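Report on the structure
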Amino acid sequence: MWSESRSLVMGTQPSTLPNTCVLMIDKTGRSGAENMALDEVLLEECLSSGQRFVRIYTWREPTLSLGYFQKSLDDVATLGRLPIVRRLSGGGAILHHHEVTYSCVVPPGNEWQSDPTELYRVVHDVIIESLFQVPYECQLEYRKPTNPNNSEFLCFGRGDKNDLISEGHKIVGSAQRRRRGAILQHGSILLKRSHYTPVFSGLSDLSNREFDLKTLKTDLGRTIAESISENTISDSPQPEILDRVNRKSSSYIVSIGDDLDC
Amino acid sequence: MTDTTTLQYTKSHEWIQKQGDLVTIGITDFAVKQLTDLVYIDLPDVGRTLDAGETFGEVESVKAVSDLYAPIPGEVVEVNDSLADDLAALSDDPFGRGWMIKMKVADSAAGESMLDHTEYEKFCASEEH
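Notes on the structure follow. Model, not experiment: these values are computed from the prediction. (Residues numbered from 1 in each chain as written. Chains lettered and ligands numbered in written order. Predicted model: local features only at pLDDT ≥ 70, side-chain atom pairs only at ≥ 80, totals over all residues.)

Hydrogen bonding along the main chain pairs the strands of a sheet, whether they run parallel or antiparallel. Residues and elements named next belong to chain A. Strands sit in the order β5-β3-β4-β12 across an open sheet of four strands; the sheet is mixed. Each having just a single partner strand, β5 (94–96) and β12 (253–254) make up the two edges of the open sheet. Pairing geometry for strand β3 (residues 63–66) and β5, over three bridges, is antiparallel. Directly across from Ser 65, in β5, lies its bridge partner Ile 94. (Pairing = 2+ DSSP bridges. Helix = DSSP H or I, 4+ residues; strand = E, 2+ residues; numbered from the N terminus.)

Below, the structure is given as structure tokens:
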């Protein structure tokens, strides 16, 4: 698998299979800094090779990720002492606890170039479809168009028309980084209420059922990859990718007292 | 009112206006329309030296952060600091009040390979389809 994927990721003819996506489903959680650095490295890979990527991942420990422009840490103290990282993408802070995160990367010249916000709908549409199927049987829908509420510190306290909600509760929120025509989009799917943020309910709370995380990650990965590409190749990050992640990861860590000027 | 036919453009939707060795840089109305509701902007400090193609700032809209690129190399000599508190200027007047930075360039020929107005309009039309 590696030799096939290697030629796609590092090859000199990225346009050979422009609609092939490398799907990476992490078996275990990584630290927040590693997760953010890996998403950036895949964005860089996409820019250099044209390769599309989808990742499905969890976080090693409850972690707060700040939106790129979130500079105030005034609200962080109310959540307790948690690792904090800064995302490349915008939007509000996310508490990554009892949730699954997806990321997808598409190259310059992609189908959503004229309106990159359409990628939110493409991915969210398949999340709705995927989670409606057995064994999940969850009904998700888009939030009714309303004035965006961007003042809340936490993403799940905010609202815009691309959010997915269930019984009035926000379940899925996504954000993007656009770089030289490529798009990195990542999003959080809230599975269960966290004691750090008890006001937000997850899918399990609303359906009174537990979901098998491994199956859920596989189903989401496959459907999201199919939504942005014609062919999917499963792989995992290779040593040289992980070396780059290790070199970058510390830059994502935010400490209380940091000067957060971007 | 800026005469947009006298400007030069990039495929990443920046524009430049040259006045001797001073170059004013911003993003086009097409870019602003694509970005829709802008909420944050970050611009460089005066004195920073930029290479052509280097990121000089970021803007956020609809939870998306986009990089801004210097079309030509030079030194930042002035920054439109009022934009952070008046992002409407970008939507209302991207070629005027919405300017972002001014750079001093060493090479007077810099930017000559950029698109002229007609070429840029054609490029935008092709991006929309």
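Residue and element names in this part refer to chain A. Most of strand β10 (residues 182–190) sits inside the fold, with nine of its nine residues counted as buried. Of the two faces of β10, the one carrying Ala 182, Leu 184, His 186, Ser 188 and Leu 190 and the one carrying Ile 183, Gln 185, Gly 187 and Ile 189 are both buried. Here strand β6 (residues 99–106) runs beside β10; their pairing, made up of eight bridges, is antiparallel. Considered in β10, the bridge of Val 100 is made with Ile 189. Pairing of strand β9 (residues 169–179) with β10, which is carried by eight bridges, proceeds in the antiparallel orientation. Opposite Gln 176, over in β10, you have Gln 185 as the bridge partner. In this antiparallel pair of consecutive strands, β9 and β10, the connection spans two residues, and Arg 180 shows a positive phi of 50°. (Buried ≥ 20, exposed ≤ 12 C-beta atoms within 10 Å, placed from the backbone.)

Take unusual backbone geometry next. Residues Val 134 of chain A and Pro 135 of chain A are joined by a peptide bond in cis, for which omega reads 10°. The backbone of Asn 208 of chain A sits at a positive phi, close to 60°, despite the residue not being glycine. Of note, Asn 208 of chain A is situated in the loop between α4 (203–207) and α5 (213–228). Backbone geometry at His 13 of chain B places phi at a positive 75°, although glycine is not the residue there. Within the secondary structure layout, His 13 of chain B lies in the loop between β1 (8–9) and β2 (14–19).

Let us now look at the interface of chain B and chain A. Each partner contributes to the interface: chain B provides 16 residues, whereas chain A provides 20 residues. Taken together, the elements giving at least two residues each to the side of chain B that touches chain A come down to β4 (38–42), β6 (55–61), β7 (64–69) and α3 (117–128) of chain B. Counting residues per element, the side of chain B that touches chain A draws most heavily on β7 of chain B, which supplies four residues. When its residues are assigned to classes, the side of chain B that touches chain A shows five nonpolar, three polar and eight charged. Of the pairings in the sheet, the one linking β9 of chain A to β7 of chain B comprises three bridges and is parallel in character. For Arg 178 of chain A, the partnering residue across the bridge sits in β7 of chain B and is Ser 66 of chain B. (Contact = placed C-beta atoms within 7 Å. Nonpolar A, V, L, I, M, F, W, Y, C, P; charged D, E, K, R; others polar.)

You can see Pro 116 of chain A is positioned in the loop between β6 and α3 (118–132). Classification of Pro 116 of chain A as buried rests on a count of 22 C-beta atoms within 10 Å. Taking the C-alpha atoms as reference, Pro 116 of chain A lies 27 Å from Cys 138 of chain A; in sequence the two are 22 residues apart. Filtering out sequence-adjacent residues up to four positions away, Pro 116 of chain A remains in contact with Gln 176, Arg 178 and Ile 183 of chain A together with Ala 64 of chain B.

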